[in-house]
Amino acid sequence: MERSLAWRLGLSAVIIPGLFALFIADHRSGDSAPLLFLLCLGLTIRSAWELRELLTVRNIRPQLLESVLACVVLLFAAWWPHLSGRGPASSSLGLIGMTMSVCVISLLGMSAVRYRGPGHSMEAFGANLIIVCYAGLLLAMTAQLRWAAGAQAGYLLLGSLIVTAKLGDVFAYTVGRLFGKRKMSPLLSPGKTWAGFVGAMLGAALGSWLWLTFATPRFGDGWTPPPAWATVVYGLVIGLVALVGDLCESLIKRDVGKKDSAPLLPGFGGILD
């Protein structure tokens, strides 16, 4: 347990400061966030590939090229108002929605073109749709936090998300390994316990309070931290959402008989993990 925890903390000590260094550089590069766009582009392509590898089981044959193209188009739609300067930040949400509709129709149309007989088309279409929603749509929507409260506060919001979710994950793993006995979902995720759930909520609440209390004044002159109760509630919500997301990924991996989404980072798994 000590080695596993030390490995997790060691990788986090490298990855998280690296992310924040990129965020600082991106903040200085302008409101269009070009460096964040490149990071998200790499993440969506890699995530789509991992999902395609995971879902290529039984008679399911998702199409990698179509899925990746749809994810990239969604990302461009999310960034277009910011790259072009032709609309307010809120216009990205409508553009993402319209683009997603086009992607769904296009994927269905391609399934019709490839149709050769019953038994495969809907399975492949469903897998493609999961890839586009999971690796493209969710990432495009999350990236909008960069502008949700104004460009100056963009990384205050994104930083809160990362710190809150990561501290919740560390607390969940530590408390679960030390005190966990009752399983939350033995069939879906045998490693998760109710003690780990409590640890996740405590860690997320603490991470949210620490970040929003001490980082907020550094983002603008005269900026004051939100009330402590609000930071705790926000942390609990993010902690719960992170846990649900983790269980959703466990559902995918469990159903296809895989432990990790990819052998990318020892102790962590792939980008999806």
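Residues numbered from 1 in each chain as written. Predicted model: local features only at pLDDT ≥ 70, side-chain atom pairs only at ≥ 80, totals over all residues. Heavy atoms only, no water.

Asker: Describe the overall build of the protein chain, listing the residues and the values that go with them.
Answerer: Of the regular secondary structure elements, the protein chain holds ten helices and two strands. The helix and strand sequence of the protein chain, counted from the amino end, reads α-α-α-α-α-α-α-β-β-α-α-α. In terms of C-alpha radius of gyration, the protein chain reaches 20 Å, essentially the compact-globule figure of 19 Å for 273 residues. Dimensions of the protein chain, computed from C-alpha atoms along their principal axes, come out at roughly 60 × 55 × 30 Å. Counting all 273 residues of the protein chain, 38% fall into the buried class. Contacts in the protein chain between residues far apart in sequence, at least 24 positions, make up 68% of those at least 6 positions apart. (Helix = DSSP H or I, 4+ residues; strand = E, 2+ residues; numbered from the N terminus. Rg over C-alpha atoms; globule rule 2.2 N^0.38 Å. Buried < 20%, exposed > 50% of the residue type's maximum accessible area, 1.4 Å probe, protein only. Contact = heavy atoms within 4.5 Å.)

Asker: Please give an account of a nonpolar patch on the surface that cites residues and values.
Answerer: Side chains of Leu206, Trp209, Leu210, Phe214, Val232 and Leu236 sit close together on the surface and give an oily, nonpolar patch of about 470 Å² of accessible area. Elements represented by at least two residues in the nonpolar patch include exactly helix 8 (194-214) and helix 10 (228-256). Examining the composition of the nonpolar patch, we find that four residues originate from one element, helix 8, more than from any other. Relative to the helices and strands, Trp209 resides in helix 8. For Trp209, a relative accessible area of 30% puts it in the partly exposed group. (Patch = residues over 30% accessible without salt bridge, like charges linked within 9 Å, V, L, I, M, F, W, Y side chains within 5 Å. Areas by Shrake-Rupley, 256 points an atom, 1.4 Å probe, with all protein chains shown as cover. Salt bridge = Lys/Arg side-chain N within 4 Å of Asp/Glu carboxyl O.)

Asker: So, the side chain of Ser47: which residues are in play, and what are the values?
Answerer: Tracing the sequence through the fold places Ser47 in helix 2 (residues 34-55). From its side chain, Ser47 meets the backbone oxygen of Leu43 in a polar contact 2.7 Å long. (Polar contact = N/O pair within 3.5 Å; in protein donor to acceptor, adjacent residues only side chain to side chain.)

Asker: Any chance you could break down the pattern of salt bridges for me, citing the residues and the numbers?
Answerer: Considering all chains together, one arrives at seven salt bridges under this definition. Glu53 serves as the salt-bridge partner of Arg52, at 3.2 Å between the closest nitrogen and oxygen. Since its relative accessible area comes to 31%, Glu53 is described here as partly exposed. Here Arg114 makes a salt bridge to Glu66, at a shortest N to O gap of 2.3 Å. Here Arg114 is found in helix 4 (residues 91-114), whereas its partner Glu66 is found in helix 3 (residues 64-84), with 48 residues between them in sequence. The partly exposed category is assigned to Arg114, whose relative accessible area is 29%. Among the residues examined, Glu66 registers a relative accessible area of 17% and is labelled buried.

Asker: Break down the environment of Leu65 for me, citing the residues and quoting the values.
Answerer: Checked against the element boundaries, Leu65 lands in helix 3. With relative accessibility at 72%, the residue Leu65 sits in the exposed group. Remark: the alpha-carbon pair of Leu65 and Ala21, spanning 44 residues in sequence, is separated by 32 Å.

Asker: If you had to explain the packing of helix 8 against helix 10 to someone new, which residues and values would you point to?
Answerer: Where helix 8 contacts helix 10, the two axes come as close as 7 Å, and the packing angle between them is 135°. One way to sum up the angle between helix 8 and helix 10 is to call them oblique. You can see that helix 8 and helix 10 cross each other, and the crossing is right-handed. Residues Phe197, Met201, Ala204, Ala205, Ser208, Trp209 and Leu212 of helix 8 form the contact with helix 10, whose own contacting residues are Ala228, Thr231, Val232, Tyr234, Gly235, Leu236, Gly239, Leu240 and Leu243. Tallied by class, the residues present in the contact of helix 8 with helix 10 amount to twelve nonpolar, four polar and no charged. (Axes fitted to C-alpha atoms, helices over the stretch in contact; angles between N-to-C directions. Parallel < 35°, antiparallel > 145°, perpendicular 65-115°, else oblique. Left-handed = near helix turned anticlockwise from the far one by under 90°. Nonpolar A, V, L, I, M, F, W, Y, C, P; charged D, E, K, R; others polar.)

Asker: Tell me about the environment of Thr99, residues and numbers included.
Answerer: Tracing the backbone through its elements, the reader meets Thr99 in helix 4. Separated by 54 residues in the primary sequence, Thr99 and Ile45 have C-alpha atoms spaced 17 Å apart. Apart from the residues within four sequence positions on either side, Thr99 is in contact with Val73, Leu74 and Ala77.

Asker: So what's going on with the pairing of strand 2 (residues 189-193)? Residues and values would help.
Answerer: Side-chain positions along a regular strand alternate between the two faces of the sheet. In terms of strand pairing, strand 1 (residues 183-185) meets strand 2 through two bridges, oriented antiparallel. From the neighbouring strand, Ser185 faces strand 2, where its bridge partner is Ser189. Turn length for the strand 1-strand 2 hairpin, with the two strands adjacent in sequence and antiparallel, is three residues. (Pairing = 2+ DSSP bridges.)

Asker: Report on the nonpolar core, specifying residues and quantitative values.
Answerer: Among the nonpolar cores identified, the biggest contains 27 residues, and Leu36, Cys40, Leu74, Leu75, Trp79, Val132 and Trp211 are the most heavily contacted of them. Where this core is concerned, the elements lending two or more residues are helix 1 (2-28), helix 2, helix 3, helix 4, helix 5 (121-143), helix 7 (154-179) and helix 8. Tallying contributions element by element places helix 3 first for this core, with five residues. Those residues within four positions of Leu36 in sequence are excluded, and the remaining contacts are Leu22, Phe23, Asp26, Trp79, Arg146, Tyr155 and Leu158. (Core = buried A, V, L, I, M, F, W, Y, C linked by side-chain atoms within 4.5 Å.)

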